[in-house]
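Fold and geometry: a report
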Amino acid sequence: MFPPGFFDRADSSPDHFFYSPTRLVTHIDDQAIAAVGALYRDLGLTGEVLDLMSSWISHFIDPPDRLVALGMNEVELAANPQAHEWLIHDLNDNPRLPFDDNSFDAATCCVSVDYLTQPVEVFTDVARVLRPGGLFVVTFSNRCFPTKAIRGWLYSDDAGHLEIVRRYFEAAEGWGEPVTRRCIPQGIPGDPLYAIYAAA
Ligand SMILES: C[S@@+](CC[C@H](N)C(=O)[O-])C[C@H]1O[C@@H](n2cnc3c(N)ncnc32)[C@H](O)[C@@H]1O
């Protein structure tokens, strides 16, 4: 389904080297951040939520009852005001999530899916830890850390990125039909924001 070299990266060193410097920054502009929050509200993400590839900001307008933030940088995760719990876990080193089956009502992954080298394994495991019907909401814009993004992502445009994530959902086990959304209408200046989500 994915050609040879698709998941290669310019920087193939272990991810903890790249992510050990703390970056208390935003990776998309305010309008795109607001669009992520509006999407989560519109989709009714609530209850127990897992924010994958998280940092110091999880973008919820309505914070869930319990938010678990998983990422790579301790200082960033500890600074996340919406996270009730956080953990360091390298999904490229181990795509298996350290949670029991049916642990969460929803999962999110914001502006980070392009860094996964084993996304199908990760998506399959997200379905395992979600309760039946739980949504996995993946959002992205058009920026990235190019040395850490997979080659297939760098060689694709926005429409291609939606198609790539659609194929992740389709190749993984446990997902219903993915739905795509352009969260900021075309022609509006600023960062674009795309979403693709499916139910477990
Ligand atoms: C562009 S930042 C996005 C952070 C946050 N989701 C946001 O919306 O601002 C990319 C994030 O992906 C996380 N990340 C990168 N590689 C990872 C990996 N192998 N396993 C887990 N998280 C990873 C990093 O810790 C970083 O916080």
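Throughout what follows, the structure given in this document is the object of discussion.

1. Details of the overall build of the chain
Counting secondary structure elements, the chain contains six helices and seven strands. Along the chain, helices and strands appear, N-terminal first, in the series α-α-β-β-α-β-β-α-β-α-α-β-β. For the chain, the C-alpha radius of gyration of 15 Å lies close to 16 Å, the compact-globule estimate for 200 residues. On the principal axes, the C-alpha backbone points of the chain span a range of 40 × 40 × 35 Å. Across the 200 residues of the chain, 40% fall into the buried class. Within the chain, residue pairs in contact and separated by at least 24 positions form 65% of the contacts whose partners lie at least 6 positions apart.

2. Focus on the nonpolar core
If you look at soluble globular proteins, the nonpolar side chains tend to sit buried side by side. Grouped together as the largest cluster of nonpolar side chains are 55 residues, with contacts concentrated most on Ala107, Phe136, Val137 and Val138. For this core, the secondary structure elements donating two or more residues are α2 (30-42), β1 (48-54), β2 (66-71), β4 (104-110), α4 (119-129), β5 (130-140), α6 (158-171) and β7 (194-199). No other element matches β5, which puts six residues into this core. Excluding its chain neighbours within four sequence positions, the residues that come into contact with Val137 are Leu39, Tyr40, Leu43, Leu45, Ala106, Thr108, Ala195 and Tyr197.

3. A few points about the pairing of β7
Each regular strand displays side chains that alternate between the two surfaces of the sheet. For β7, a buried count of five out of six residues is recorded, marking the element as mostly surrounded by other parts of the structure. The pairing of β5 with β7 spans six bridges and is classified as antiparallel. Residue pairing for β7: Phe136 is matched across the bridge by Ala198. As defined by bridge partners, strand β6 (residues 179-182) adjoins β7 across four bridges and the pair is classed as antiparallel. What sits directly across from Arg181, in β7, is Ala195.

What counts and what doesn't
- Residues numbered from 1 in each chain as written.
- Predicted model: local features only at pLDDT ≥ 70, side-chain atom pairs only at ≥ 80, totals over all residues.
- Helix = DSSP H or I, 4+ residues; strand = E, 2+ residues; numbered from the N terminus.
- Rg over C-alpha atoms; globule rule 2.2 N^0.38 Å.
- Buried ≥ 20, exposed ≤ 12 C-beta atoms within 10 Å, placed from the backbone.
- Contact = placed C-beta atoms within 7 Å.
- Core = buried A, V, L, I, M, F, W, Y, C linked by C-beta atoms within 7 Å.
- Pairing = 2+ DSSP bridges.

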